[in-house]
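The residues making up each chain are set out below.
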Amino acid sequence: MINFLKKITVSIKGTNPKLYYYLIKLAKRYFKNDLGIYPRILANEKEAVIDVLNSSQWNMCDGKGLVHEKLEANFSEYVKVPYSIAVNSGGMALQMAFRALGLKPGDEVIHQIDTCSATAMSVMNAGLTPIFADISKETFMIDLESVRKNKGKNTKALIMTHMWGNADEAQKITLFAKENNLLLIEDACLALGAKSGGHKVGCFGDVAVFSFGAGKPIQGGEGGMIVTSNEALARELKAMRHWGDRSFEFGVRDVTQLSWNGRLSEIIAAVVVEQLKGYPSHVSELQEKVQDFGDFLKKNIPGINIQLGPTNDIRDSVFTQVQLSIDDGLKYSKNDLWGKLKLSGIPVWHANFELINKLSLFKNGTWKEFTLKGDINRINENYNGDFKTAQHVFDYTGLGLNKMNFLSKSNFELLKSVFSNYKN
Ligand SMILES: Cc1ncc(COP(=O)(O)O)c(C=O)c1O
């Protein structure tokens, strides 16, 4: 019955989103977590929000013992990085990080071609130039050989994106950045808590960014976080989120840096404090279910595997989306699987994002209107480059399963039953 309703609900998402979200709200009320719907309450979010609403401090304001300061302290404790700076989105976190690191128009930032387009746009909105690199077919994350080929004399920074809950090979990439004199930014928007070499993501780069927006590991409606071990950088970032205001440092209002409103609402901070509290047990539940599904695939459907991070250890991944890799040459294609899953009401997506250079902003050359400085011919060549592995993963070998599939018994059974059709 639940599966039948789910099938109808998922099928109307595109045609009647208003009805879809109304039905989801009803379902959440009556079935609670039985439908596996995410985001969900992980601790005491409702009470925490009411506490803020009952106070007179709904806005961020430093040094007052407010909720965002508690969030920053708890976040630092969780990721094991000394300074956390709460901001209003992951994209804002990236822009502020670039500026605080001293990058200037004409400087290039290199990142994988099939991450969220928000990354490329954050680079551009900070006045910089994104340069794309291909991915490794083993990890679905950045390929350093491609970075080597595509970087130029203006390339000043590298983004290590930890995709969909897997940590990238941090040690190797950190060393590469050092050897090539590149600043290293970790984009951990999709991977809070994922581990590389026994350490949680966030501690490897000059800075790391996180997001609390839709589809992220923990959610607040919106929001983000920047973490760093560099005290001076943290101070800069704290000023930067208040339009660069230095009054808390200088005692008088002054602005030394082109900045933004990066402030996080206290109401959202209250939600995220609670989400973070409940997150470790949420991740354990996911890891257990993914392990079970991985065993099922191994036993029944050779050729389709859970795509883990380079450590190949389920306990190092947080499964913001569960990525699958489909071996080349199997008799069932990605398209076939995609169609069957959709038909059964199972939310499915790509393992990574679309290739950014295929999006109109880049394909049609509109990017040139926003590129203030740099070697336009070289950039153009990069945007028209061939990113073979990313394209192959997008077309054939990468599939993403929404974590909702793993968060309720009925969803999980349905998922397995669809995959059972592919039994060898
Ligand atoms: C990898 C990655 N980086 C950055 C962002 C931007 O985060 P936000 O939407 O909070 O600005 C996203 C958003 O989806 C993302 O997936």
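Residues numbered from 1 in each chain as written. Predicted model: local features only at pLDDT ≥ 70, side-chain atom pairs only at ≥ 80, totals over all residues. Heavy atoms only, no water.

1. As for the packing of helix α12 (residues 334-343) against helix α16 (residues 409-420)
Item 1. The interhelical angle for the contact between α12 and α16, taken along N-to-C directions, is 140°, at an axis separation of 10 Å. Relative to α16, the element α12 lies oblique. Considering only the axes of α12 and α16, their crossing is right-handed. For the pair α12 and α16, the contacting residues are L337, K340 and L341 in the first and L415, V418 and F419 in the second.
Item 2. Residue composition of the contact of α12 with α16, by class: 5 nonpolar, no polar and 1 charged. (Axes fitted to C-alpha atoms, helices over the stretch in contact; angles between N-to-C directions. Helix = DSSP H or I, 4+ residues; strand = E, 2+ residues; numbered from the N terminus. Parallel < 35°, antiparallel > 145°, perpendicular 65-115°, else oblique. Left-handed = near helix turned anticlockwise from the far one by under 90°. Contact = heavy atoms within 4.5 Å. Nonpolar A, V, L, I, M, F, W, Y, C, P; charged D, E, K, R; others polar.)

2. Focus: the sheet that holds strand β12 (residues 348-350)
Item 1. Spatial ordering of the open sheet is given by β10-β11-β13-β12, a layout of 4 strands whose pairing is antiparallel. Each end of this open sheet is capped by a strand with a single partner; those strands are β10 (304-306) and β12. Between one strand and the next, the sheet's axes are offset by a mean angle of 35°, whatever the strand orientation.
Item 2. In this structure, β10 lies alongside strand β11 (residues 321-326), joined through 3 bridges in antiparallel fashion. Across the sheet, I306 pairs through a bridge with L324, a residue of β11.
Item 3. Running at roughly 160° to β10, helix α11 (residues 266-300) makes contact with β10, β11 and β13 (398-402) of the sheet. (Pairing = 2+ DSSP bridges.)

3. Looking at the packing of aromatic side chains
Item 1. Using the criterion set out here, one finds 15 aromatic pairs in the structure.
Item 2. Pairing W349 with F353 gives two aromatic rings, centres 5.3 Å apart and planes at 80°, and the pair type is edge-to-face.
Item 3. Feature note: the residues F293, F296, F406, F412 and F419 constitute an aromatic cluster, connected by ring pairs.
Item 4. One cation-aromatic arrangement involves K289 over F412; the distance from NZ or CZ to the ring centre is 5.9 Å. (Phe/Tyr/Trp six-rings, centres within 6.5 Å; stacked < 30°, edge-to-face > 60°. Lys NZ or Arg CZ within 6 Å of the ring centre and 35° of its normal.)

4. Some details on the sheet that holds strand β4 (residues 155-161)
Item 1. Sheet architecture is open: 7 strands sit in the order β1-β9-β8-β5-β4-β2-β3, paired in mixed fashion. Edge positions in the sheet fall to β1 (83-87) and β3 (129-133), since each has one partner strand and no second. When strand polarity is set aside, the average angle formed by the axes of neighbouring strands in this sheet is 25°.
Item 2. By the bridge criterion, 5 bridges tie β4 to strand β5 (residues 183-187) in an arrangement that is parallel. The residue bridging T161 from the neighbouring strand is D187, located in β5.
Item 3. In this fold helix α8 (residues 170-179) packs onto β4 and β5, with an angle of close to 175° to the strand it touches most, β4.

5. Quick word on the nonpolar core
Item 1. By size, the foremost hydrophobic cluster in this structure holds 39 residues, and its most contacted members are F293, L341, L401 and F419.
Item 2. If you list the elements that add at least two residues to this core, you get α2 (17-31), α11, β10, β11, α12, β13 and α16.
Item 3. Those residues in contact with F419, other than ones at most four positions away along the chain, are F293, F296, L297, I301, I304, L324, L337, L341 and L401.
Item 4. Ranked by size, the runner-up nonpolar core spans 31 residues in total, among them M160, A170, L355 and Y383. (Core = buried A, V, L, I, M, F, W, Y, C linked by side-chain atoms within 4.5 Å. Buried < 20%, exposed > 50% of the residue type's maximum accessible area, 1.4 Å probe, protein only.)

6. Concerning the domain arrangement of the protein
Item 1. Domains assigned within the protein are domain 1 (1-35) and domain 2 (46-273).
Item 2. Each of domain 1 and domain 2 was reduced to a C-alpha centroid, and the two centroids are 34 Å apart. (Domains from an automatic or database assignment.)

7. Describing the packing of helix α5 (residues 90-100) against helix α9 (residues 231-240)
Item 1. For the pair α5 and α9, interaxial distance at closest approach is 10 Å and the crossing angle is 125°. With respect to α9, the element α5 is oriented oblique. The element α5 and its partner α9 pack so that their crossing is right-handed. Along its contact with α5, which presents M96, A97, R99 and A100, the element α9 presents L233, E236, L237 and M240.

8. Describing the site of the ligand
Item 1. Taken together, 13 residues lie near the ligand, and G90, G91, D187, S211 and K216 sit nearest.
Item 2. At a separation of 2.8 Å, an oxygen atom of the ligand approaches a polar backbone atom of G91.
Item 3. Between the ligand and the protein, one listed contact pairs an oxygen atom with a side-chain N or O atom of S211 at 2.7 Å.
Item 4. Coverage of the ligand by the protein chains reaches 85% of its 390 Å² of free accessible surface.
Item 5. Secondary structure elements with two or more residues in the shell around the ligand: α5 and α6 (117-125). (Near = heavy atom within 4 Å. Polar contact = N/O pair within 3.5 Å; in protein donor to acceptor, adjacent residues only side chain to side chain. Areas by Shrake-Rupley, 256 points an atom, 1.4 Å probe, with all protein chains shown as cover.)

9. Some words on the pairing of β1
Item 1. Burial of β1 is extensive: 4 of the 5 residues sit out of reach of the surface.
Item 2. Looking at chain direction, β1 and strand β9 (residues 224-228) are connected through 5 bridges and run antiparallel. For S84, the partnering residue across the bridge sits in β9 and is V227.

10. Overview of α16
Item 1. Between its first and last C-alpha atoms α16 spans 16 Å; for 12 residues at 1.5 Å apiece the expected length is 16 Å, and the two agree.
Item 2. Of the residues making up α16, those classed as buried are N411, F412, L414, L415, K416, V418 and F419. (Expected span 1.5 Å × (residues − 1).)

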